[in-house]
Amino acid sequence: MFKSSLLSLSLCFLVLAYGCLAQAEQQQCQGQHQQQQQQRRVRGQSECRVQSLSALEPARRIESEAGVTEFWDESNEQFQCAGRGIQGTMIPGCPETFQSFQQSQEGGSTRFNDHHQKIQSYRQGDIIALPAGVAHWCYNDGETPLVAVSVLDTSNYANQLDQNPRKFYLAGNPRQQQQQQQESGSSYHHQQTQQQRSGNNIFNGFDVNILAEAFGVSTETARKLQSENDNRGNIVHVKNGLQVIRPPRLEEEERQQEVRGNGLEETICTTRLRDNIADPSRADMYNPKGGRITSLNSQKLPILSYLQLSAERGVLYRNAIMAPHWNLNAHSVIYVTRGNGRIQVVGNYKQAVFDGELHQGQLLIVPQNFAVVKQAGNDGFEWVAFKTNDNAMSSPLAGRFSVIRGMPEEVLVNAYRISRADARNLKYNREEMVVFGPQSGSQERASA
Amino acid sequence: MFKSSLLSLSLCFLVLAYGCLAQAEQQQCQGQHQQQQQQRRVRGQSECRVQSLSALEPARRIESEAGVTEFWDESNEQFQCAGRGIQGTMIPGCPETFQSFQQSQEGGSTRFNDHHQKIQSYRQGDIIALPAGVAHWCYNDGETPLVAVSVLDTSNYANQLDQNPRKFYLAGNPRQQQQQQQESGSSYHHQQTQQQRSGNNIFNGFDVNILAEAFGVSTETARKLQSENDNRGNIVHVKNGLQVIRPPRLEEEERQQEVRGNGLEETICTTRLRDNIADPSRADMYNPKGGRITSLNSQKLPILSYLQLSAERGVLYRNAIMAPHWNLNAHSVIYVTRGNGRIQVVGNYKQAVFDGELHQGQLLIVPQNFAVVKQAGNDGFEWVAFKTNDNAMSSPLAGRFSVIRGMPEEVLVNAYRISRADARNLKYNREEMVVFGPQSGSQERASA
Amino acid sequence: MFKSSLLSLSLCFLVLAYGCLAQAEQQQCQGQHQQQQQQRRVRGQSECRVQSLSALEPARRIESEAGVTEFWDESNEQFQCAGRGIQGTMIPGCPETFQSFQQSQEGGSTRFNDHHQKIQSYRQGDIIALPAGVAHWCYNDGETPLVAVSVLDTSNYANQLDQNPRKFYLAGNPRQQQQQQQESGSSYHHQQTQQQRSGNNIFNGFDVNILAEAFGVSTETARKLQSENDNRGNIVHVKNGLQVIRPPRLEEEERQQEVRGNGLEETICTTRLRDNIADPSRADMYNPKGGRITSLNSQKLPILSYLQLSAERGVLYRNAIMAPHWNLNAHSVIYVTRGNGRIQVVGNYKQAVFDGELHQGQLLIVPQNFAVVKQAGNDGFEWVAFKTNDNAMSSPLAGRFSVIRGMPEEVLVNAYRISRADARNLKYNREEMVVFGPQSGSQERASA
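Residues numbered from 1 in each chain as written. Chains lettered and ligands numbered in written order. Predicted model: local features only at pLDDT ≥ 70, side-chain atom pairs only at ≥ 80, totals over all residues. Heavy atoms only, no water.

## Some words on the relation of the copies chain A and chain B
Applied cut-off: Least squares is used to superpose the copies, and the fit set is the C-alpha atoms of residues whose pLDDT is at least 70 in both copies. Contacts are residue-level and defined by heavy atoms, with any inter-residue pair within 4.5 Å sufficient.
For the pair chain A and chain B, the superposition axis carries a translation of 0.1 Å, the fit reaches an RMSD of 0.1 Å, and the rotation angle comes to 120 degrees. With respect to symmetry, the two chain copies, as superposed, fit the operation of a three-fold axis. Both copies present different contact surfaces, since only 1% of the interface residues of chain A are interface residues in chain B too.

## Considering the interface of chain A and chain C
The extent of an interface is frequently quoted as the accessible surface area lost upon association of the parts. Note the following rule: The term buried area denotes the loss of accessible surface (1.4 Å probe radius) that occurs when two parts are joined, taken as the sum for both partners. The rule for a salt bridge is simple: a side-chain nitrogen of Lys or Arg has to be within 4 Å of a carboxyl oxygen of Asp or Glu.
Facing 72 residues of chain A, the contacting portion of chain C comprises 70 residues. When chain A packs against chain C, close to 6000 Å² is buried across both sides, 57% of that on carbon and sulfur atoms. At the boundary of chain A with chain C, the tally comes to three salt bridges. When the shortest N-O distance is used, the salt bridge between Arg342 of chain C and Asp207 of chain A registers 3.8 Å.

## Quick word on the interface of chain A and chain B
On the chain B side, the residues contacting the 69 residues of chain A number 72 residues. Across the chain A/chain B interface, buried area totals approximately 6000 Å², and carbon plus sulfur atoms make up 57% of it. It is Asn348, Lys350 and Tyr416 of chain A that lose the most area in chain A upon contact with chain B, and together they represent 12% of the buried surface on that side. Between chain A and chain B we count three salt bridges in total. One salt bridge connects Asp230 of chain B with Arg417 of chain A, and the closest N-O pair in it is separated by 3.8 Å.

## Examining the pattern of salt bridges
Put simply, the rule reads: Secondary structure counts use DSSP, requiring at least four H or I residues in a row for a helix and at least two E residues in a row for a strand, with both numbered from the N terminus. Here the term buried applies to any residue with accessible area under 20% of the maximum for its type, exposed to any over 50%, and partly exposed to those in between, with areas from a 1.4 Å probe on protein chains only.
As enumerated under the stated definition, the model contains 54 salt bridges over all chains in all. In this structure, the salt-bridge partner of Lys387 of chain A is Glu312 of chain A, at a minimum N-O distance of 2.9 Å. Residue Lys387 of chain A is located in strand S23 (residues 371-387), and its partner Glu312 of chain A is located in strand S18 (residues 310-316); the two are separated by 75 residues in the primary sequence. In this structure, Lys387 of chain A and Glu312 of chain A share a single accessibility class: buried. A salt bridge links Lys427 of chain B to Asp114 of chain C, with the shortest nitrogen-to-oxygen separation between them at 2.7 Å.

## Notes on the environment of Phe381 of chain B
Residues and elements named next belong to chain B. Mapping Phe381 onto the fold places it in strand S23 (residues 371-387). Judged by its relative accessible area of 0%, Phe381 is buried. Through-space distance from the C-alpha of Phe381 to that of Gly314 is 8.0 Å; in sequence the pair is 67 residues apart. When residues no more than four places from it in sequence are discounted, the contact partners of Phe381 are Gly314, Val315, Leu316, Val336, Arg338, Gly339, Asn340, Gly341, Ile343, Leu358, Lys374 and Ala376.

## Considerations on the packing of aromatic side chains
Cut-off, in case you're wondering: Pairs were defined over the aromatic rings of Phe, Tyr and Trp, the Trp ring being its six-membered one, requiring ring centres within 6.5 Å. Orientation was assigned from the angle between planes: stacked under 30 degrees, edge-to-face over 60, tilted for the rest.
For the coordinates displayed, the defined rule picks out 12 aromatic pairs over all chains. Arranged with centres 6.4 Å apart and planes meeting at 70 degrees, the rings of Tyr416 of chain B and Phe203 of chain C form a pair that is edge-to-face. Highlighted residues: Tyr416 of chain B in helix H9 (residues 409-416) and Phe203 of chain C in the loop between helix H2 (188-197) and helix H3 (208-215), drawn from two different chains. For the pair Tyr416 of chain B and Phe203 of chain C, a shared accessibility class is recorded, and that class is buried.

## Notes on helix H9 (residues 409-416) of chain C
Residues and elements named next belong to chain C. A large share of H9 lies buried, amounting to seven of its eight residues. Among the residues of H9, those classed as buried are Glu409, Glu410, Val411, Leu412, Asn414, Ala415 and Tyr416. Downstream of H9 by a residue or two, Arg417 has a phi angle that is positive, lying close to 50 degrees.

## Topic: the pairing of strand S20 (residues 332-346) of chain C
All names here are of chain C. Just so we agree on the cut-off: Here, a strand pair is defined by DSSP locating no fewer than two bridges between the strands.
Counted residue by residue, S20 has 12 buried out of 15 residues, so it is predominantly covered. Alignment of S20 against strand S22 (residues 363-366), held across four bridges, turns out to be antiparallel. Paired with Val333 across the bridge in S22 is Ile365. Looking at chain direction, S20 and strand S23 (residues 371-387) are connected through 13 bridges and run antiparallel. Counterpart to Arg338 in the pairing with S23 is Glu382.

## Things to note about the relation of the copies chain A and chain C
Related by rotation about an axis and a shift along that axis, the two copies of the chain form a pair. Aligned on chain C, chain A shows an RMSD of 0.1 Å; the corresponding rotation is 120 degrees and the shift along the axis is 0.1 Å. Of the interface residues in chain A, just 1% have counterparts in chain C that sit at the interface too, so the contact is made through distinct surfaces.

## Some points on the side chain of Asn429 of chain C
The condition that has to hold: For the purposes of these results, a polar contact is taken to be a pair of N or O atoms within 3.5 Å, where, inside protein, one atom must be able to donate a hydrogen and its partner to accept one; residues adjacent in sequence count only when each atom of the pair is a side-chain atom.
When you line up the elements, Asn429 of chain C lands in the loop between helix H10 (420-428) and strand S25 (435-436). A polar side-chain atom of Asn429 of chain C sits 2.7 Å from the main-chain carbonyl oxygen of Gly216 of chain A.

Listed below in C-alpha cells is the structure:
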C-alpha cells in the first residue's frame with residue numbers, strides 16, 4: 001500500500017511485495033537520489049509496550065542510482081508532494097492485455113512488438129493496494145520527485161511466516177548496495193537487521209543452468225537475471241524515458257471502472273487497485289471552518305477487504321481540532337504530509353503516551369482503542385493514516401457523533417457529578433461532527 | 001458479554017469494553033457494595049499447560065461506592081440470582097433515537113429535554129453481546145442485587161494488541177480506588193498486574209485545555225470529565241433512581257425484532273444485542289427426567305458471528321448426567337449459577353485434568369477437544385458456559401448423538417475387543433440425547 | 001488430510017483428529033506391520049529460521065499389531081503406492097443413515113441389525129478432508145499395504161490451543177505402545193515430546209462408574225472402553241475382514257454428488273469429504289513432453305474452504321522441469337511419491353535454502369513466498385503437495401504465465417541491463433505454461 005505524492009523520472013526497481021505488514025515505508029522514486037524508507041512493527045505476539053510513543057523520523061540513508069532509502073531514526077527532512085507516475089502489477093493467471101503492433105519499415109505489414117499485463121497511472125493522493133505476494137514495479141514519468149509511503153502489515157493473516165518484514169526483489173542487487181552504505185557510517189545493529197531483512201534478488205539463489213533451461217535462454221542471459229554486478233540500487237534511471245504500452249492518460253483517469261466486491265481469486269485481473277483520497281471533492285467529513293477527512297475503505301475500494309487495510313486523508317486548517325476519538329478495530333499509522341500540529345495519545349494511564357508536535361515527514365502509530373486528539377498549528381496540518389482493518393471505525397468522544405452525546409444526561413450527571421446544565425453543555429456545545437473549527441464558542445444550545 | 005442474574009439499584013460505571021477476551025468477569029451491580037470480577041487467560045501464544053485444571057473462586061475484593069469487584073483467587077461466596085436492569089451502548093455512527101419532550105410550566109409549549117442512543121432492558125438469564133471497542137453503561141433498576149458475569153476474549157481476532165486485558169473507563173478514577181484497596185492487604189503481584197491493567201479514565205491523559213476546546217465547555221467542566229477526586233469506584237449510587245428515556249418495559253420485552261444476519265458495519269444500530277437463555281421454554285434439549293440445555297449461537301443472535309462467542313445454559317436435576325462430550329471448535333468457560341456437581345475433564349493423559357466438585361459461584365475452563373462429563377449433586381446443578389466460537393459444536397461420546405453410535409458394531413467389536421452384544425449395549429442402551437436421567441437402566445433395545 | 005496410496009487388510013485405530021496442523025503424518029494401514037508418521041511444524045509464532053531447509057525422512061518406528069508408525073528423522077524407506085479402503089467419519093448431529101436388516105432364521109421377518117453414519121470408500125490418489133475435532137476410523141480392504149500421508153495444521157485458526165500437535169484416541173492404548181517402543185532405542189528427547197503429544201485413549205481419564213452410568217452398561221464393559229491392557233497399538237488386525245453396511249463400491253465411485261459451497265455447520269452431513277487427484281484425466285496443466293499438475297482446492301472440494309488447506313499432485317517426466325515459482329499465500333509441504341528430482345528453494349539470500357536431491361518417501365517444506373524449482377531425474381518425479389490455504393496460488397517466474405512475461409520489455413531492458421533481443425528471449429522462449437519439457441530450444445519467437 002502506497003501513498004504516492006511526488007513526481008520523478010526514474011524506474012522503481014521490481015519489488016516482490018511480501019505478505020508482511022506493519023512495516024511503513026516511504027519511497028521517493030526520483031532522479032535526485034532521495035528516497036525514504038521506514039520500518040516499524042505495530043502489533044506483535046509479544047507484549048505491547050505502549051507507555052510512551054514517539055514521533056518517528058528517518059534515520060539512515062541508502063543511495064541508489066536514482067533514489068535514496070531512508071530509515072526512520074535520525075534525520076529530519078521536508079518533502080514536497082506533487083506528482084504522477086505509472087505502475088505495473090504482475091498478477092499470476094492474468095493475461096497480458098496490453099499489446100502493441102509496430103509498422104514494419106519495409107512495407108505495410110504490422111509486426112508484433114510487445115505485450116504485457118495492465119499498467120495503471122497514479123497521481124498525487126492516490127492509494128495503491130497491492131495484494132500480498134504480488135510482484136510490481138513503478139516508474140516516475142512526471143517532472144518532479146515522487147514520494148511513496150508504503151505500509152506492509154506483517155500481522156495480517158495473509159502472512160504465514162514470522163513478523164519479520166521480508167522483501168523479495170526480482171532484479172538488482174540490494175544487499176550489496178546496502179552493505180556499501182552501511183560501511184559508510186551506520187551502526188552494527190542496523191547492518192544485522194538489514195542483512196536479515198533483504199539481500200540479493202530472488203534469481204540469485206538459483207543455479208544459473210537451471211535458470212537458463214527454465215527460460216530457454218543462454219546462461220549468459222540467465223546470469224543477467226541474477227544482477228551480480230549491478231550497483232545501481234533498487235531505484236534506477238531510465239535513459240530517454242520508459243516506453244510502455246498504455247492508453248492515453250486522460251481517458252484512463254476518467255474511466256471509473258465498476259468493480260464487483262469479490263476477492264483476489266475471482267476477478268483480480270480487472271479489479272481496481274487504486275483510488276484517490278486527496279481530491280477535496282471526495283471528502284467524507286467537511287467543515288469549512290475546520291478542514292476535511294476522506295477515508296478509503298473496502299466499501300469504496302473492494303480489494304481492501306482482501307488486504308484488511310484502509311486509509312484516511314485528513315486536512316486541518318490553522319488551529320482546527322479533530323475530535324478526540326479512539327479506533328475500535330484497528331491501529332492507525334499516521335504520516336504527516338504537510339504542516340504541523342499538536343497530538344495527544346492517551347491510554348488507560350494518567351500520563352498521555354504521546355504529547356507533542358508532529359511535523360511534515362514524521363510518522364506516529366496510535367494503537368487500537370487508545371484515544372487521540374489532533375490540533376493543527378499555524379500552518380495547518382495534513383496527514384495520511386493507514387489503518388489495520390479494511391473498515392476501520394472510530395468512536396469520537398466529543399461532537400455530534402460522540403459517545404457523550406449518545407448517553408442520557410442523567411448518566412453524565414451521576415458519572416461525573418456535574419449539574420444538569422453542565423451535562424447539557426458537554427452533550428450539545430459542539431454541534432460539529434469530527435472536524436472542529438478553531439474558535440470554540442461556549443454557547444449553550446437546547447436542541448439538536 | 002455478560003450474564004446478568006441479580007437486581008440492584010445502582011449505576012454501573014461507564015466502561016469502554018475493550019476488544020480483549022478470555023477474561024471472565026463477574027460484576028454485581030448493586031447498592032450492597034458487592035461485585036465480583038475474575039480474570040483468566042484461556043488461550044495464549046505460549047504453551048498450554050493443561051495437565052491439571054482447578055475450580056476458580058474469587059480472591060480479592062475492591063470496594064466501590066455501590067459495589068465490589070472480586071478477583072477469583074481466594075474467597076468463596078454464594079450468590080443469589082434474580083434481577084433486571086437497563087443498559088446503554090453507544091455505537092459510533094448510530095443516531096440518538098430516544099428523545100423526550102417536556103411540558104414547559106409557563107404554557108402549553110413543549111420544550112426539548114434530552115435525547116440519547118437506544119437503551120435496552122435486561123432481566124435474569126439475559127446474554128448481552130457487546131462488540132469490541134464499544135462504550136457502554138448499565139443500571140440496576142430492580143430491587144435486589146444484580147450479578148453480571150462478563151467474558152472478554154483477548155484471543156479474539158478483534159484484538160490487535162497483546163493478550164493483556166485492558167479496560168478503558170470513560171468516567172471515574174478506578175486506579176486510585178484500586179490502589180487504596182491494594183494497600184489494605186493484597187499481594188504485590190496483584191498490584192503490579194492491576195496497575196498495568198487499568199488506571200484513570202480515558203479523559204485523564206488529555207490536556208484539560210484541549211478537552212475544554214474540543215467540547216466547547218469551560219476548563220472547570222472539562223476537569224470534571226477527568227474525575228480526579230472521585231473516590232466512588234466504578235459502581236456508584238444514583239439518588240432517587242436514574243431518569244432516562246425509554247419505552248415501557250413490557251412492550252420492549254415482547255417485541256422480537258427481526259434482525260438480518262450481517263455484521264457490525266451495516267445494521268449495527270438496529271441489531272439485537274441481547275437474548276435470554278434462562279427461560280425453560282427456549283430449551284434446545286429437554287429431558288423431563290434429567291434437565292435441559294439452552295444454547296445461544298450466531299444462528300439465534302447474529303451479532304455473535306461478529307464476536308465469535310456463544311453461550312450455553314444448562315440445568316441438571318438431582319443426580320442427572322450430561323453426556324461426556326468434547327468441544328470441536330471452542331474453549332468453554334463454565335460458571336456455576338446454582339447447586340453443585342461432580343465434573344471430570346480429561347485429555348490424552350491417563351489422569352483426568354480436573355476431577356472434583358463444582359459449586360455455585362465457581363468457574364472452570366474446559367479447553368478445546370478435552371472431554372468433560374458433569375453429574376449433578378443432590379440439589380441439582382445449573383451453569384452458564386461461554387464458548388469461544390459463535391457456533392460452538394460438541395461431540396457426545398454417549399447417547400443418541402454419540403460418536404460410538406455413529407460407528408459400525410464391528411468397528412467397536414474390533415477396537416475394544418468386546419462381544420457383539422456389548423457393542424450393541426454401548427451403542428443403544430442410552431436412548432437419551434445429551435441429558436441423561438439419574439437412573440440408568442441396562443435394558444437392551446434392538447431398534448433406534 | 002490424508003493421501004492414501006497403498007492397500008491393506010487392517011483397521012486403522014480410531015483417531016480423534018485434532019484441530020491441529022502443520023503436522024505431516026504418513027500412515028501405512030496394513031497387515032504387514034508398517035506405518036509411517038512424521039511431524040513437523042510449519043509456521044509458529046516464533047521466528048522462522050529458513051536459512052536452510054532439509055529433506056525429511058522417517059526416523060523412528062513404533063510397531064502396532066497391524067502397522068508401524070515412523071517418525072521422520074533417520075530411516076529411509078521406499079514405498080509402493082496402490083490401494084483402496086474404507087473410512088468412517090462420525091460428525092456430531094449427523095444421522096446414522098447406513099442401516100442393515102437381517103433375515104431371521106426362524107421365519108420371513110426382518111430383524112434390525114445395525115445402523116451407523118455414512119462410510120466412504122477411498123482408493124489410490126484420494127485426498128480425504130477431515131474437519132478439525134471430528135472422530136474417524138479407516139480400514140484397508142484391499143490386498144496390498146496402504147500408505148496414508150496426513151497433514152495436521154496446528155497454525156490453522158480452528159486450533160485455539162497451542163502449537164503442539166495433540167491426538168485424542170477413542171480406543172487403544174497408544175502411550176503404552178509408544179513407551180515400549182521408546183525403550184528399544186529411541187532418544188530421550190523423543191520420549192519426552194511423544195509423551196506430551198499422546199497417551200491413553202480419551203475414556204481412560206474418566207471414572208469407570210460414571211462411564212458405566214453414561215452409557216448404561218456394566219462397569220466391566222465400561223472398562224473395556226479404557227483399553228487398559230490393549231497392547232496392539234493403534235493399527236489392529238481384523239480377523240475375517242470388517243463387515244460394515246455400505247453400498248456397492250462401483251456405484252459409490254461413479255456418483256458425483258453435487259455439493260453446495262457452505263461450511264461445516266450447514267450441510268456437513270452430506271458434504272463430500274474426498275476427491276481424487278491421481279487420475280491423469282483430471283490434470284489442470286498437462287504437457288505431453290513434461291508431465292502434469294492436478295490441484296485440489298476449495299473450488300473443487302468446498303469443505304477445504306473450512307479447513308484452509310489444499311493439495312497438488314505433480315508428475316514430471318524424465319528430466320522435465322516445473323517452472324520456478326513462489327506460493328503467494330501458503331506454505332507447501334511436498335511429499336515425494338515416486339522417483340527422484342533435483343529441487344532448489346531460494347529466499348532473499350544469495351545461497352539457496354535447499355539445493356539437493358529428493359527421492360520417494362522424503363518430505364520438504366517450502367515456506368510462503370520462497371521460490372522453488374523442480375527438475376525430474378532419469379526416472380521421473382512424482383509428488384503430492386499440501387498447501388496451507390484453501391485456494392493456494394503460485395506465481396511462476398518463467399513460462400507463459402510468468403511475471404517476466406507480464407512486464408513490458410523496456411522494464412526488463414532497464415532492470416537487467418540487457419538488450420531488447422535478450423528481453424524478448426526471456427519473455428517468449430518458453431511458450432509452455434508451468435511444466436516444461438526436458439529439451440529446451442533457444443528458438444526466438446515473435447508472437448504469443
